[in-house]
Amino acid sequence: MKIRILRGTNQIGGSSVIITTQNAKIVMDFGSELNDNPQKLEVDGLTSGKSDIDTVFFSHNHGDHVGLIDTINNDIPIYMGKTSLELLKMFAERTKERQYTLKTLDRVKTFEKKEKIVIKDIVVTPYFVDHSAFDAYMFLVEAEGKKILYTGDFRDHGFIGKGFEPVLQNHVGKVDAVICEGTTLNRDDSKTLTEMELQREIGKVINSNKYVFVMCASTNIFRIEGICSAVKDGKCKLSDKYQSGIINYIKENYKDVSYLYCNSLSEYNENDKDKYEKYGFVMFIRQGKYFKKIMDEYKDAKIIYSMWHGYLDKKNGDDRETLRDFFGNREIIELHTSGHATKGAIKKLIDITSPNHVIPIHTEAKKKFRELAGDKLLLANDNEDISI
Ligand SMILES: [Zn+2]
Ligand SMILES: [Zn+2]
């Protein structure tokens, strides 16, 4: 088997990997770069020319993994998780197809966790993982007597992180190579909060203040559900139509899986101000005029910022406004924990899967894998062929 990382050996975001066997060629993720000047990826046989890719698999629906889906040749089959796809469709409808067209999304096929998908001489098995995007998967790729694990983005400190080790032990087992994300390797993770600890901290702020706005990624379902579950009974849980639609969709489809998914959000309504005055509210916000107007009406409300600190100074939207500009001079309380694997989680993954090769991706610090992988570390560059 041959592995070629198209992008991601020296950067976080914009990942894509091609795996080639005697008879088949598949792609894992095809994402947008996270920087201010994202470059597309032109790949003959994938985005132009006669198609020679059998299937593209998406690990989850973050833009840095799925962002270039619309540039894939129309005749190449695409797979992703069912809920990932539904959430992308909601996003496409809200943003009037700015990034993803429904035409592309309508032809995406979905898989179930642990379903074995056969692509000629390759078998791909998706395993559900904990990440800041809901419905995220690792892929086990088996062919020619070899096993490769592509981790996508993952962690073990979220609500469903306890499933991480058993899945690796009981289903994945020993592999020949792991293509592993290393987002946090140049960060100090000695104090990474678990999602549960974070839930408690945010809950304290919400329950001791009448009005609280929370900014977090609209697809960070675990975070939003965790926060909603921490709110004392009676307080209103609000957002706009889009965000409420997401949480209500999750309730509809996952309420039998866990009590965590039984929350509802309501759309903010001017006519309900008396109710908000009486019971208080927590409202999930995003950058933009709609939320700005409401925030201006509640000047004393607390604002919790629950995303990566680095996004505060990133220019967003058509008017290139940063989040810091959006918040103006209002005080923000930063409460966040990473959606990515700590060094401890990566070490566990390497220990359990015992790979011959550890190939870093989705990292700006690939050499730091040395302390976790020792002489199994295989440092690659973008577009380089690695034979396994
Ligand atoms: Zn990512
Ligand atoms: Zn991600």
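The structure displayed is predicted, hence computed values, not measured ones.

Side note on the packing of helix α5 (residues 195–207) against helix α6 (residues 221–230)
In contact at an axis separation of 9 Å, α5 and α6 are set at 50° when each is read in the N-to-C sense. The angle between α5 and α6 places the two elements in the oblique class. Note that α5 runs across α6; the crossing there is right-handed. Contacts from E195, Q199, R200, I202, G203 and I206 of α5 reach α6 at F222, G226, I227 and A230. Residues of the contact of α5 with α6, tallied by class, amount to five nonpolar, three polar and two charged.

Observations concerning unusual backbone geometry
A positive phi angle, near 50°, is found at K120, a position not held by glycine. Summarising the element assignment, K120 is placed in the loop between β7 (117–119) and β8 (122–129). Phi angles above zero are rare outside glycine, and H362 is one such case at about 55°. You can see H362 is positioned in the loop between β18 (357–361) and α12 (370–373). The exposure class assigned to H362 is buried, which follows from the 29 C-beta atoms found within 10 Å.

Quick word on the environment of D153
Its place among the elements puts D153 in the loop between β10 (146–150) and α4 (164–172). Separated by 43 residues in sequence, D153 and T110 have C-alpha atoms that sit 19 Å apart. Excluding its chain neighbours within four sequence positions, the residues that come into contact with D153 are H60, H62, H131, A136, E181, G339, H340 and H362.

Notes on the domain arrangement of the protein chain
Here the protein chain is described as being made up of domain 1 (2–187 + 339–387) and domain 2 (195–334). The partner domain 2 presents 15 residues to the 13 residues of domain 1 that form the contact.

Description of the pairing of strand β5 (residues 78–81)
In terms of strand pairing, strand β4 (residues 55–57) meets β5 through two bridges, oriented parallel. The partner of F57 across the bridge, within β5, is Y79. Taken together, the three bridges between β5 and strand β6 (residues 109–111) define a ladder with parallel strand orientation. Within the sheet, the bridge partner assigned to M80 lies in β6 and is T110.

A closer look at the pairing of β10
The buried fraction of β10 amounts to four of the five residues, a majority that puts the element mostly inside the structure. Sheet topology places strand β9 (residues 136–143) next to β10; five bridges connect them, and they run antiparallel. Pairing of V141 across the sheet is with I148, part of β10. Hairpin geometry of β9 and β10 is characterised by an intervening segment of two residues between the two adjacent antiparallel strands and by a positive phi of about 50° at E144. Inspection of the sheet shows β10 paired to strand β11 (residues 177–181) by three bridges, in the parallel sense. Looking at the pairing, I148 lines up with A177 of β11. Where the polypeptide runs from β10 across α4 and back to β11, its parallel neighbour, the crossover connection is right-handed.

Structural notes on the sheet that holds β4
Pairing within the open sheet is mixed, and its seven strands lie in the order β6-β5-β4-β3-β2-β1-β19. Only two strands of the sheet have a single partner each, and these edge strands are β6 and β19 (385–387). Across the sheet, the mean angle separating the axes of adjacent strands is 25° when strand polarity is ignored. Running at roughly 100° to β5, helix α2 (residues 82–94) makes contact with β5 and β6 of the sheet.

Description of the environment of I247
Structurally, the position occupied by I247 is in helix α7 (residues 241–254). Excluding residues within four positions of it along the chain, I247 makes contact with I224, N263, S264 and L265.

So, the nonpolar core
Counting residues in hydrophobic clusters, the biggest one holds 99 residues, and the most contacted among them are I3, I148, I179 and V214. By residue number, the principal contributor to this core is β9, which donates seven residues. In this structure, this core is formed jointly by two domains, domain 1 (2–187 + 339–387) and domain 2 (195–334), each of which donates at least three residues. Filtering out sequence-adjacent residues up to four positions away, I3 remains in contact with V17, I19, I148, A177, I179, I359, I386 and I388.

Conventions we followed
Residues numbered from 1 in each chain as written. Chains lettered and ligands numbered in written order. Predicted model: local features only at pLDDT ≥ 70, side-chain atom pairs only at ≥ 80, totals over all residues. Axes fitted to C-alpha atoms, helices over the stretch in contact; angles between N-to-C directions. Helix = DSSP H or I, 4+ residues; strand = E, 2+ residues; numbered from the N terminus. Parallel < 35°, antiparallel > 145°, perpendicular 65-115°, else oblique. Left-handed = near helix turned anticlockwise from the far one by under 90°. Contact = placed C-beta atoms within 7 Å. Nonpolar A, V, L, I, M, F, W, Y, C, P; charged D, E, K, R; others polar. Buried ≥ 20, exposed ≤ 12 C-beta atoms within 10 Å, placed from the backbone. Domains from an automatic or database assignment. Pairing = 2+ DSSP bridges. Right-handed = clockwise from strand over helix to strand, strands pointing away. Core = buried A, V, L, I, M, F, W, Y, C linked by C-beta atoms within 7 Å.

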